[in-house]
Amino acid sequence: MEELVVEVTRTDEKGNPKLQSFNVPKDKVSTVLEALLYIKENIDPSLSFRYSCRMEICGSCGMEIDGKPHMACSTTTESLKGDKIKVAPLKHYNVIRDLAVDIDGFFDKYKAVKPYIIRDDENVKYESELLQTPAQFDEFIDYSLCIKCGLCMAACPIEGSDSDYLGPAPLAAIWRYVADNRDQGAKYRLEIASGPEGTSRCHFVGECTEVCPKGVDPSYAIQKLRGSMVKYEFQSLFRRH
Amino acid sequence: MVEENVKNLREGPMGWVKFYRKGIGYFAFAMHRFSGLVIVFYLYLHLFVLSHLLVGKASYNSLVTSVTYGPFDSFLVLDVLLALVIFYHGANGTRLALNELGIGLHKNKVMFYVFEVIAMILLGIFLYYAYMFLGAS
Ligand code: SF4
Ligand code: FES
């Protein structure tokens, strides 16, 4: 049977990275996650990585595969070409063990943008749901597909040089709510986005969009957010306080 | 273990040059930073040379002739490279400014190629006229 070499960047007892290679059976349909599970079940049960849904929904199996952030469960080994694949933990995150990284920092940034609908009349009880036209729905739906996998945070070079930068997914989340006509939290959101760690740090590299498995296009959202902020600031000049 | 790994998190400027499996946007970004640094360096160099005028004409002339002396002016090569980075930086900067205003957002990669091709044509025209000017003087 043909074999594939999987070179994994693991952590030693001191927490330092070390490379270890494993041979797994090669076929046309297996994913990188399945290759890792084969290693765990048949070669080394101590190999650590995170996964759950196996269908690109939970967002937990993000890792760097052949030098680029990917979801292990939706990347087939066949698509990577060659007889050797390199698997490493995502960059810009603390490694807990082997391929499992600490995503707390990312989630904290995500929570900071209040990723839920904010209403001025939040104590009012509605008789029915807030209706939207298809056009209003289309404005934000693509940005709501984010599965919080954090691949974009690992791909962004600005995130790699400044850990305080909010990053692509949280900023895309801000745009998702700003673009939603039911939301009334624009003032709060645009203040975060226009802060020192907001959109001004983005250099429109576009790697976040390149790696996003769900087609969220964070780099586009960030530029749209910039436009909204300019409009908002301009209007606030004429607004009575 | 987590604390020990914090030091490895930041990639620093060396991260800019890791182009492997990255898109054209990454190349544009890295080159923009590099060309920006070259331009800032040149600005200081330029001010340093000009500051010799404060001392006097002789001081300035001796500095300028000392670096441009010889049958082949090697500084001319650096001048051409400087023009290259300025044209590159200007074209990419214009594209980014338009993108940030919401213009051509979904066509940003095509815009990069178009703007850079135009910039390189303008660079060629500039160098041609600069060469003619030098030949005439
Ligand atoms: S924007 Fe895309 S890459 Fe970033 S966390 Fe969401 S799904 Fe993942
Ligand atoms: S295992 Fe859930 S996204 Fe890959």
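Residues numbered from 1 in each chain as written. Chains lettered and ligands numbered in written order. Predicted model: local features only at pLDDT ≥ 70, side-chain atom pairs only at ≥ 80, totals over all residues. Heavy atoms only, no water.

*Asks:* How should I be thinking about the state of the cysteines in this particular structure?
*Replies:* Linking two cysteines covalently through their sulfur atoms gives a disulfide. Residues and elements named next belong to chain A. The tally for this structure, following the rule as stated, stands at zero disulfides over all chains. Cys208 provides the cysteine sulfur closest to Cys202, a residue in no disulfide bond, and the two sulfurs are 6.6 Å apart. In this structure Cys202 comes out as buried when scored by relative accessible area, which is 9%. (Disulfide = S-S within 2.5 Å. Buried < 20%, exposed > 50% of the residue type's maximum accessible area, 1.4 Å probe, protein only.)

*Asks:* Please clarify how the domain arrangement of chain A should be interpreted in this entry.
*Replies:* Interfaces are often sized by the accessible area lost when the parts come together. Residues and elements named next belong to chain A. Looking at the assigned domains, one finds that chain A contains domain 1 (3-102) and domain 2 (104-237). Put simply, the middle of domain 1 and the middle of domain 2, counted by C-alpha atoms, are 30 Å apart. Opposite the 15 residues of domain 1 that make contact, domain 2 presents 17 residues. Both faces combined, the contact of domain 1 with domain 2 buries some 1,200 Å², and carbon together with sulfur accounts for 58% of it. When the buried surface of domain 1 facing domain 2 is broken down by residue, Pro69, His92 and Tyr93 rank first, second and third, together holding 41% of it. Counting across the domain 1 and domain 2 interface gives one salt bridge. A salt bridge links Glu56 to Lys214, with the nearest nitrogen and oxygen atoms 3.5 Å apart. Put simply, domain 1 and domain 2 have five residue pairs in polar contact (both at pLDDT 80 or more) between them. Elements with a minimum of two residues in the side of domain 1 that touches domain 2: strand S3 (62-65) and strand S4 (68-71). Residue composition of the side of domain 1 that touches domain 2, by class: seven nonpolar, four polar and four charged. (Domains from an automatic or database assignment. Contact = heavy atoms within 4.5 Å. Buried area = accessible area lost by both parts, 1.4 Å probe. Salt bridge = Lys/Arg side-chain N within 4 Å of Asp/Glu carboxyl O. Polar contact = N/O pair within 3.5 Å; in protein donor to acceptor, adjacent residues only side chain to side chain. Helix = DSSP H or I, 4+ residues; strand = E, 2+ residues; numbered from the N terminus. Nonpolar A, V, L, I, M, F, W, Y, C, P; charged D, E, K, R; others polar.)

*Asks:* Before we go on, may I ask you to explain helix H2 (residues 24-55) of chain B in this structure?
*Replies:* Helical geometry: 3.6 residues make up each α-helical turn, so side chains three or four residues apart lie on a common side. All names here are of chain B. Compared with the 46 Å implied by 1.5 Å per residue over 32 residues, the 47 Å span of H2 between its first and last C-alpha is a close match. By the burial criterion, the buried members of H2 are Gly25, Tyr26, Ala28, Phe29, Ala30, His32, Ser35, Gly36 and His52. One or two positions beyond H2, positive phi appears at Gly56, with a value near 150°. (Expected span 1.5 Å × (residues − 1).)

*Asks:* Would you mind showing me how to read the packing of aromatic side chains here?
*Replies:* Describing an aromatic ring pair means giving the distance of the ring centres and the angle of the ring planes. Counted under the stated rule, the structure contains 12 aromatic pairs over all chains. Grouping aromatic residues by their ring pairs yields a cluster made of Phe19, Tyr26, Phe27 and Phe29 of chain B. Its guanidinium or amino end placed over the ring of Tyr188 of chain A, Lys114 of chain A lies 4.3 Å from that ring's centre, counting from NZ or CZ. Lys22 of chain B extends its terminal NZ or CZ atom over the ring of Tyr26 of chain B, reaching a point 4.3 Å from the ring centre. (Phe/Tyr/Trp six-rings, centres within 6.5 Å; stacked < 30°, edge-to-face > 60°. Lys NZ or Arg CZ within 6 Å of the ring centre and 35° of its normal.)

*Asks:* Explain the interface of chain A and chain B to me, please; I cannot follow it from the model alone.
*Replies:* Opposite the 31 residues of chain A that make contact, chain B presents 24 residues. Both sides together, the interface formed by chain A and chain B hides about 2,600 Å², and carbon and sulfur atoms give 52% of it. Where chain A touches chain B, the interface holds two salt bridges. Among the salt bridges present, the one from Glu100 of chain B reaches Arg226 of chain A, with a minimum N-O distance of 3.1 Å. Connecting chain A to chain B are eight residue pairs in polar contact (both at pLDDT 80 or more). When residues of the side of chain A that touches chain B are traced back to their parent elements, those giving at least two are S4, strand S6 (94-97), helix H7 (207-211) and helix H8 (218-238) of chain A. Broken down by element, the residue count for the side of chain A that touches chain B peaks at four residues, all from H8 of chain A. Each residue belonging to the side of chain A that touches chain B can be placed in one class, and the counts come to nine nonpolar, 10 polar and 12 charged.

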